Amino acid sequence: KTRDPSTVALRDLITICEDAAAGLRAAAGRVHNPDIREALARQAHCRVSCAEELRLLVEARGDTSPPGGSAVGTAHRGWMDVRAAFEADDPAIVVECLRGEQSAVERFEGALAYLDEEAGALILRALDGMRAFRESLLAMEAVALLAHRQEVRREELVEAHARDLHEEHRPG
């Protein structure tokens, strides 16, 4: 049975929400800043709620087939895993979240052309929240970068002090 374009678009958005929720939960588990961690976890919950709303809409239209995560979403989370292993700092993780958010916003915007008024209204509400979150991610990135720079500077000062102490106590 061929699905109508609206249902296909909604199914795609469910998958995007599920992928985003998984990615945001993974990112929340990696960041050190508790405020960023909380914001990422909160947004993951919002994505789960959005996926559920979309799923109910699809089911009300007669499609009850199970959705699943996308290869692109899985690949993005995999990239976050690789990058986090090498750059386990908050700024790098927030940048990856920004990248994922931008992709999700673009996919949601693109789906609007295929949706009726009821589904479109739901997507527009979701887009408002996603755009607001993207803006807050930009602020989080700035906070994370500042904290990272301060930590690097602190480490440099400790190393310089240790060198100075070593030089003072050197026989000579």
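Undergrad: An account of the overall build of the chain is needed here, citing residue identities and associated values.
TA: Helix and strand content of the chain: five helices and zero strands. For the chain, the succession of helices and strands along the chain, N to C, is α-α-α-α-α. For the chain, with 172 residues in total, the buried portion stands at 37%. Considering only intrachain contacts with a sequence separation of at least 6, the fraction spanning at least 24 residues in the chain is 77%. Element-wise, carbon and sulfur atoms account for 57% of the exposed surface of the chain, whose accessible area totals about 10,000 Å².

Undergrad: Quick rundown of the packing of helix α2 (residues 34–60) against helix α5 (residues 117–168)? Include the residues and the values.
TA: Between α2 and α5, the shortest axis-to-axis distance is 11 Å and the interhelical angle comes to 170 degrees. Here α2 is positioned roughly antiparallel relative to α5, judged by the angle of their axes. Taken as a pair, α2 and α5 cross one another with a handedness that is left-handed. Across the interface between the two elements, Ile36, Ala39, Leu40, Gln43, Arg47, Cys50, Glu53, Leu54 and Leu57 from α2 touch Glu118, Ala119, Leu122, Ile123, Arg125, Ala126, Met130, Phe133, Leu137, Met140 and Ala144 from α5. When grouped by side-chain class, the residues that make up the contact of α2 with α5 number 15 nonpolar, one polar and four charged.

Undergrad: Account for the pattern of salt bridges, with residues named and values stated.
TA: With the rule as written, the count across this model stands at 11 salt bridges. With a closest N to O distance of 2.3 Å, Glu18 and Arg55 form a salt bridge. One end of the pair, Glu18, is in helix α1 (residues 5–28); the other, Arg55, is in helix α2, and 37 residues separate them in sequence. For Glu18, a relative accessible area of 24% puts it in the partly exposed group. Judged by relative accessible area, Arg55 falls into the buried class, the value being 18%. Arg153 is paired through a salt bridge with Glu156; the nearest N and O atoms lie 3.6 Å apart. With Arg153 and Glu156 both in helix α5 and three residues apart, the pair spans about one turn of that helix. Look at Arg153 and you get partly exposed, because its relative accessible area is 46%. With relative accessibility at 41%, the residue Glu156 sits in the partly exposed group.

Here is what the cut-offs are and how they apply
- Residues numbered from 1 in each chain as written.
- Predicted model: local features only at pLDDT ≥ 70, side-chain atom pairs only at ≥ 80, totals over all residues.
- Heavy atoms only, no water.
- Helix = DSSP H or I, 4+ residues; strand = E, 2+ residues; numbered from the N terminus.
- Buried < 20%, exposed > 50% of the residue type's maximum accessible area, 1.4 Å probe, protein only.
- Contact = heavy atoms within 4.5 Å.
- Areas by Shrake-Rupley, 256 points an atom, 1.4 Å probe, with all protein chains shown as cover.
- Axes fitted to C-alpha atoms, helices over the stretch in contact; angles between N-to-C directions.
- Parallel < 35°, antiparallel > 145°, perpendicular 65-115°, else oblique.
- Left-handed = near helix turned anticlockwise from the far one by under 90°.
- Nonpolar A, V, L, I, M, F, W, Y, C, P; charged D, E, K, R; others polar.
- Salt bridge = Lys/Arg side-chain N within 4 Å of Asp/Glu carboxyl O.

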